[in-house]
Amino acid sequence: MFENLQDKLQGVFDRLSGRGKLSEADVDAALREVRLALLESDVAFKVVKEFVGRVRERAVGVEVMRSLTPAQQVVKIVHEELIATLGAPERLDLDGPTPHVIMLIGLQGSGKTTTAAKLALFLRKSNHRPLLVAADTRRPAAIQQLQVLGRQLDIPVYVEAISVPPPQICAGAVKQARQGAYDVVILDTAGRLHIDDALMEELVQVKNQAHPGEILLVADAMTGQDALRVAESFHQRVGLTGLILTKVDGDARGGAAISIRSVTGVPIKFLGVGEKSSDLEPFLPDRLASRILGMGDMLTLIERAQDTVDQEKAQRAGEKLLAGEFNLEDFLEQLTEVKKLGPLTQVLEMVPGLGKLGRDLSPEYTDQQLRRTEAIIRSMTRAERRNPKLLNGSRKRRIAGGSSTDVQEINQLLVQFRQMQRMIKQFGGGRRQRGLLSLLGGPRFK
Ligand SMILES: Nc1nc2c(ncn2[C@@H]2O[C@H](COP(=O)(O)OP(=O)(O)OP(=O)(O)O)[C@@H](O)[C@H]2O)c(=O)[nH]1
Ligand SMILES: [Mg+2]
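In this report, the structure presented in the accompanying data block is examined. All values derive from a computational prediction rather than experimental measurement. (Residues numbered from 1 in each chain as written. Chains lettered and ligands numbered in written order. Predicted model: local features only at pLDDT ≥ 70, side-chain atom pairs only at ≥ 80, totals over all residues. Heavy atoms only, no water.)

1. Remarks on the overall build of the protein chain
Heads up, the rule is: Helix and strand assignments follow DSSP, with helices taken as H or I runs no shorter than four residues and strands as E runs no shorter than two, numbered in order from the N terminus. Accessible area is worked out with a 1.4 Å probe on protein chains only. A residue is then buried under 20% of its type maximum, exposed over 50%, and partly exposed in between. Here the Shrake-Rupley method, with its probe set to 1.4 Å, supplies the accessible areas, and only the displayed protein chains count as covering residues.
Secondary structure summary: the protein chain contains 21 helices and eight strands in total. The buried share of the protein chain, taken over its 446 residues, is 50%. A total of about 21,800 Å² of accessible surface is found on the protein chain, and carbon and sulfur atoms cover 50% of it.

Written out as C-alpha cells, the structure is:
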C-alpha cells in the first residue's frame, strides 16, 4: 500500500547519498520532495507540515553523528519521526473483569464483520474464549455472514430476532457470555453509507448497555483522507479506544495510516491484510516505517518464515549450503518451503533492496516460473538431482518431455543454479545462516 511513497522517498535518498556533507539547501531540497511524496500519498496537510518541520529541525546540523553519512542520517531521522508519527504500539485492553467487550464500528463495507471474525480467531489463538455477536439487524444477510464465519472458525455467534433492538441484543450477549464463561465478547454493529445521527444514537446506546472496554473503529485504508474525517466524527460522538485499518493489502496510498493517529490521537491496533480470517496483524509502527522507507520488512518475513517453514529442513539445507553440498534435491525442498510463505512477489517485497523487483514482477509470472522450475526438477531422477553433471543431451531431452519444457530451459536452470551456488558460497563466508533466509536476504540480514 505504500509503494508510491516508498519509491518517492527512495529517490530522494538516492540523490542525497552522493553528497559528502549536507548543506541546509540540500536538506531543504530533500525535504521538499519528502513533503510532496507524503501529500501525494494522501497524508493530511497539517500532519505533513509538522512532520517535515520536525525532520528539518533535527537534520540541519543539529545531530551530527560521525558513523553515518549525511544521507543515512536523514533517512534515520525520517524513519524515527515516522515511527513517532505512527505512534507507539498498543495492545488490546483486556485487563479488568471478564467478559471484556470489544465493540466494532465503522462505515458500510469497511470490513467490520470480517474483522470481527479475524479478531475472534486472533484471540482464540492466545487462549481466549470469544463470543461473536450479530448486532447488525438492519440486513438479515449480515447476521448470516457472521454465522457462516463463526461456523468456519468454530466460534459461537450470539443471535437474536431481527426485531430486537441492537443495544438489547448486546446486553443479552454480555449476560450470555457470563453464563457460558466466554471471556471476550465481540460486537459486530451495523454500518451506514454516511455518518448519520440515527446510527450514532444507536451506537451510543449499545455502548451504554454493553460497557465495551474497547471501541474500535474499522476503517478502510483505501478511502484515504475520508477515513480521517470518519475517524474524527466517530471519535467525537462515540469515543474511540483504537483503530483497525483494513484492506492494507490493496493499493491504497497509505496516507490514512499516517494521519489518523496523529490527528485523532487514537492508536492503530491492527491491520487487516486480506480477506481470510487469518489476515490480521498487530500494528507495529517501526515495521511499517521501515516498510515505507523501503528497508524491507525483514521482521515480518522472518516471523512468517518461522511459522510456516519447517525449521529443521531449513537448518539442514543451510548447513549443506555452506558446505557447498547444496544440490537440486535440496533446492526442490526449499522451493516447496518458499511457496508456503505466499506468492513469491510478496516475499520479495519484504526483502531489503528487492522491494521494487517484487513489485515489478507479476505474481502470475513468477509463480508460473516457479512451477516450471519445480516441474523440471521433479522430472529428474534422484541421482540426477544430486549430481547434475550426469545430465547429458538425451537425459535433458527426457526431462524436457516429462516437464513440458525444452532443453534450453533446462540449461538455463542449471546455469542459474550454479550461479546461485557460487553466490551463496561467497556470501556465506563462514557465517552460519539459516537456509531459506540466506537464499532470500541473508547477505544483508545479520
Ligand atoms: N482485501 C481485503 N478485503 C477485506 C479486508 N477486510 C474486509 N475485506 C472485504 O471487504 C468487504 C466488506 O467486508 P465486511 O466485513 O462485510 O464489511 P462490513 O463493515 O461488515 O460491511 P457492512 O456490514 O455492510 O457495513 C468484504 O468483501 C471483505 O472480504 C481486508 O483486510 N483486505
Ligand atoms: Mg457487516
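That covers the picture; the talk isn't over yet.
2. Concerning the site of ligand 1
Note the threshold: Throughout this document, a residue counts as near a molecule or strand when at least one of its heavy atoms sits within 4 Å of that molecule or strand. Here a polar contact is taken to be a pair of N or O atoms separated by no more than 3.5 Å, where protein atoms must pair a possible hydrogen donor with a possible acceptor and residues adjacent in sequence count only if both atoms sit in side chains.
The local shell around ligand 1 holds 19 residues, among which G111, K112, T113, T114 and D249 are the closest. K112 has a polar backbone atom sitting 2.8 Å from an oxygen atom of ligand 1. The separation between an oxygen atom of ligand 1 and a polar main-chain atom of K247 is 3.0 Å. Considering ligand 1 on its own, with 650 Å² of exposed area, one finds that the protein chains cover 81% of that surface. The element that contributes the greatest number of residues to the shell around ligand 1 is helix α5 (residues 112–125), accounting for four residues.

3. Things to note about the environment of L216
Spelled out, the test is: The contact definition used throughout considers only heavy atoms, calling two residues in contact when any of these lie within 4.5 Å.
Mapped onto the elements of the fold, L216 is located in strand β5 (residues 214–220). Discounting residues that sit within four places of it in the chain, L216 has contacts with L92, I102, M103, L104, I105, L119, T241, G242, L243, I244 and K269.

4. Some details on the nonpolar core
For clarity, the cut-off: We define a nonpolar core as any set of buried Ala, Val, Leu, Ile, Met, Phe, Trp, Tyr and Cys residues linked to one another through side-chain atoms lying within 4.5 Å.
One finds I105, L187 and F234 to be the most contacted residues of the largest nonpolar core, which totals 61 residues. A116, L132, L149 and L216 belong to the second-largest nonpolar core, a separate cluster that totals 23 residues.

5. As for the sheet that holds strand β4 (residues 184–189)
Pairing between the strands of a sheet is mediated by backbone hydrogen bonds and can be parallel or antiparallel. We count it as follows: In this analysis, strands are considered paired if DSSP registers two or more bridges between them. Note on method: axes are straight lines fitted to C-alpha atoms, helices fitted across the in-contact stretch only, with angles between N-to-C directions ranging 0 to 180 degrees.
Strand order in this open sheet of eight strands is β3-β2-β4-β1-β5-β6-β7-β8, and the pairing throughout is mixed. Where the open sheet ends on each side, the last strands, each with one partner, are β3 (157–158) and β8 (280–282). Two elements, β5 and strand β6 (residues 242–246), share five bridges in a ladder whose sense is parallel. In the strand pairing of β6, V218 is matched with I244. Contacts between helix α6 (residues 140–153) and the sheet are confined to β2 (130–135), β3 and β4, with β2 contributing the most and set at about 160 degrees to the helix. Those strands touched by helix α7 (residues 166–180) are β1 (100–105), β2, β3 and β4, and its axis lies near 165 degrees from that of β2.

6. Thoughts on the environment of T223
Note that T223 resides in the loop between β5 and α9 (225–237). By relative accessible area, T223 is classed as partly exposed at 36%. Each C-alpha atom, one on T223 and one on D42, is 9.7 Å from the other, the two residues being 181 residues apart in sequence.

7. Looking at the pairing of β5
Buried residues dominate β5, accounting for seven of its seven residues. Burial along β5 is two-sided: E214, L216, V218 and D220 and I215, L217 and A219, pointing in opposite directions, are all buried. Strand direction decides the pairing type here: β1 and β5, joined by four bridges, are parallel. In the sheet register, I102 faces β5, and the bridge partner there is E214.

8. Quick word on α6
Going by this rule: How far a helix is expected to stretch is found by multiplying one less than its residue total by 1.5 Å. Arc definition: it is the arc formed by the directions from the helix axis to the C-beta atoms.
A rise of 1.5 Å per residue sets the reference length of α6, with its 14 residues, at 20 Å; its end C-alpha atoms lie 21 Å apart and thus fit the reference within 8%. Residues A142, I143, L146, L149, G150 and L153 constitute the buried set of α6. Looking straight down α6, one finds that the buried residues subtend no more than 130 degrees of arc, so they occupy a single side. Exposed residues on α6 whose side chains face more than 90 degrees from its buried face are P140, Q144, R151 and Q152.

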